[in-house]
Amino acid sequence: MPVETHLYELLDVTFDASEEDIKKAYRKKAKEHHPDKNINDPEAGQKFQEMAAAYEILSDGNKRAVYDTHGMEGLSGPGSGGHGMEAEEIFAQFFGRQMFGFDFGPDARRGKGEDSIIPHEVTLEDLYNGKSIKMNMEKEVVCAVCKGSGARGNAKPKPCSTCDGQGWTRIKTRLPSGAYGMARARCTDCHGHGEKLKEKERCKKCKGEKTIKEKTRQEIFVEKGMADRQRIVLAGAGDQQPGIPAGDVIFLLKVLPHESFERSGDDLLTHVTITLSEALLGFSRIILTHLDGRGVKLTTPPGKVIKPQDSIVLRGEGMPVYRRPDEKGDLYVIFDVEMPDDQWLKTVDVKAVEAVLPPKRLDVEPHPEVVDEADFEESDIVDFGEGNDDDWEDDDDDDDDDDEPDCRPQ
Ligand SMILES: [Zn+2]
Ligand SMILES: [Zn+2]
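Residues numbered from 1 in each chain as written. Chains lettered and ligands numbered in written order. Predicted model: local features only at pLDDT ≥ 70, side-chain atom pairs only at ≥ 80, totals over all residues. Heavy atoms only, no water.

As annotated in an unreviewed UniProt entry, the protein chain is DnaJ-domain-containing protein from Gymnopilus junonius.

Caption draft 1: Local environment of helix α3 (residues 44–58). Here α3 contains 15 residues, and its C-alpha end-to-end distance of 21 Å stays within 8% of the 21 Å for a straight helix at 1.5 Å per residue. Listed as buried for α3 are A44, F48, M51, A52, A54, Y55, E56, I57 and L58. (Helix = DSSP H or I, 4+ residues; strand = E, 2+ residues; numbered from the N terminus. Expected span 1.5 Å × (residues − 1). Buried < 20%, exposed > 50% of the residue type's maximum accessible area, 1.4 Å probe, protein only.)

Caption draft 2: The arrangement of the sheet that holds strand β8 (residues 231–234) in detail. If you trace the 3 strands from one edge of the open sheet to the other, you get β1-β9-β8, paired in mixed fashion. Of all strands in the sheet, those with a lone pairing partner are β1 (116–122) and β8, marking the two edges. Direction aside, neighbouring strands of the sheet carry axes that sit 25° apart on average. Of the strand pairs in this sheet, β8 and strand β9 (residues 249–255) are connected by 4 bridges, and their pairing is antiparallel. Bridge pairing links L234 to V249 in β9. (Pairing = 2+ DSSP bridges. Axes fitted to C-alpha atoms, helices over the stretch in contact; angles between N-to-C directions.)

Caption draft 3: A look at the packing of aromatic side chains. By the definition in use, this model includes 3 aromatic pairs. When the centroid spacing of 4.6 Å and the interplanar angle of 20° are considered together, the rings of Y26 and Y55 count as stacked. Placement of Y26 in helix α2 (residues 19–33) and of Y55 in helix α3 is noted, with a sequence separation of 29 residues between them. For the pair shown, Y26 and Y55 are each scored as buried. The ring of F283 has R285 lying over it, and the distance from NZ or CZ to the ring centre is 5.5 Å. (Phe/Tyr/Trp six-rings, centres within 6.5 Å; stacked < 30°, edge-to-face > 60°. Lys NZ or Arg CZ within 6 Å of the ring centre and 35° of its normal.)

Caption draft 4: Quick look at unusual backbone geometry. In the segment running from E365 into P366, the intervening peptide bond is cis, with an omega of -10°. Its location among the elements puts P366 in the segment after α9 (350–356). With phi around 70°, Q309 is a residue other than glycine that occupies positive phi space. In this fold, Q309 is placed in the loop between β13 (295–299) and β14 (311–314).

Caption draft 5: The coordination of the zinc ion (ligand 2), seen in detail. The protein atoms that coordinate the zinc ion (ligand 2) are C160 (SG), C163 (SG), C187 (SG) and C190 (SG), at distances of 2.3 Å. Between the 4 donor atoms coordinating the zinc ion (ligand 2), the angles at the centre fall across 103 to 117°, so the site counts as tetrahedral. Written as a sequence motif, the donor residues of the zinc ion (ligand 2) are C-x2-C-x23-C-x2-C. With a gap of 27 residues between them, C160 in the loop between β3 (158–159) and β4 (168–174) and C187 in the loop between β5 (180–186) and β6 (195–196) connect regions that are remote in the sequence. (Donors = N, O, S within 2.8 Å, 3.2 Å for Na, K, Ca; no water. Tetrahedral: all angles 85-135°; square planar, octahedral: opposite > 155°, others 65-115°.)

Take a look at the structure:
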């Protein structure tokens, strides 16, 4: 049991909850407590922030381990800050910026524009080798013609009558729970500006919108050793709005599963298939192609028998350490031993093979009094337990994206 339980209680999960359980719990709780849906509850914002903080810690294996052993104190030491996500960013990752038509709008608390979070898929090769990625994007920039006033010449806008100049109206909305609630929605008449210009008073270039869409080219550097869900922040590169500094563009890395390697921290894991002959007599050959295309050659020590699922560690062949790329983790190799098939058996002198192999086993001990003869029938293990009446309930889980990566032999 962890030394502190507060975060688990916040999300209403057990101490042994899986990452998936925590994700589900947060998804549910965050929707419930989002401040936009609890406008009459002054504490909703606080709860929402706490929920996001709890999720951020419990969903991160390392932080969760620290929390379990040292509590919040362990997490508040030097160097632990700075990577914390804003509650709304975490929320936005889950639901997208415009949940149910609400708009988060400019972040008044921080006095800057909205951040754009862009999920970006990378391969394990990208994280091993590092990569520069250029991409074309579109962003809002302040209109150069009217300098963000939206007006033609000296025309002055009038307060919007639909929203009384507030920029938002209250609408009745249906919550995921099925109940109805009131929520703030951006005024559709003035698009949240709170004021309007007559058609002919609007700036020709931006049509009174104050900003225009502009194509930009962004370049990001995926550094060696970066992790899944790590963020690359381009400060101030987000959408512009008149009067406040632009928000950031945040690339959120999502690592695609690799067909040969599995990663845990700075270590890698892979499977290598060897033959029975190699398992018994040893070998000296290139056993795998690494993430940078390099071959890795291995020579077994003389007299070493390798059993199925035996593992070895290749020091310094793991992932580069983030920000210290000269250091690397380790590569664990699990041996799958491939047995020869029936066809092989037909081609060899069975008596000669028997003579060199270790002897067969005797009957089980103690010798049972009653002994039945059984028939040899090949089976498929998935049939095990079939024919039972109680069906397994279908898991309605729809997101299978967190499955462990396939580790296939090379
Ligand atoms: Zn303009
Ligand atoms: Zn309005």
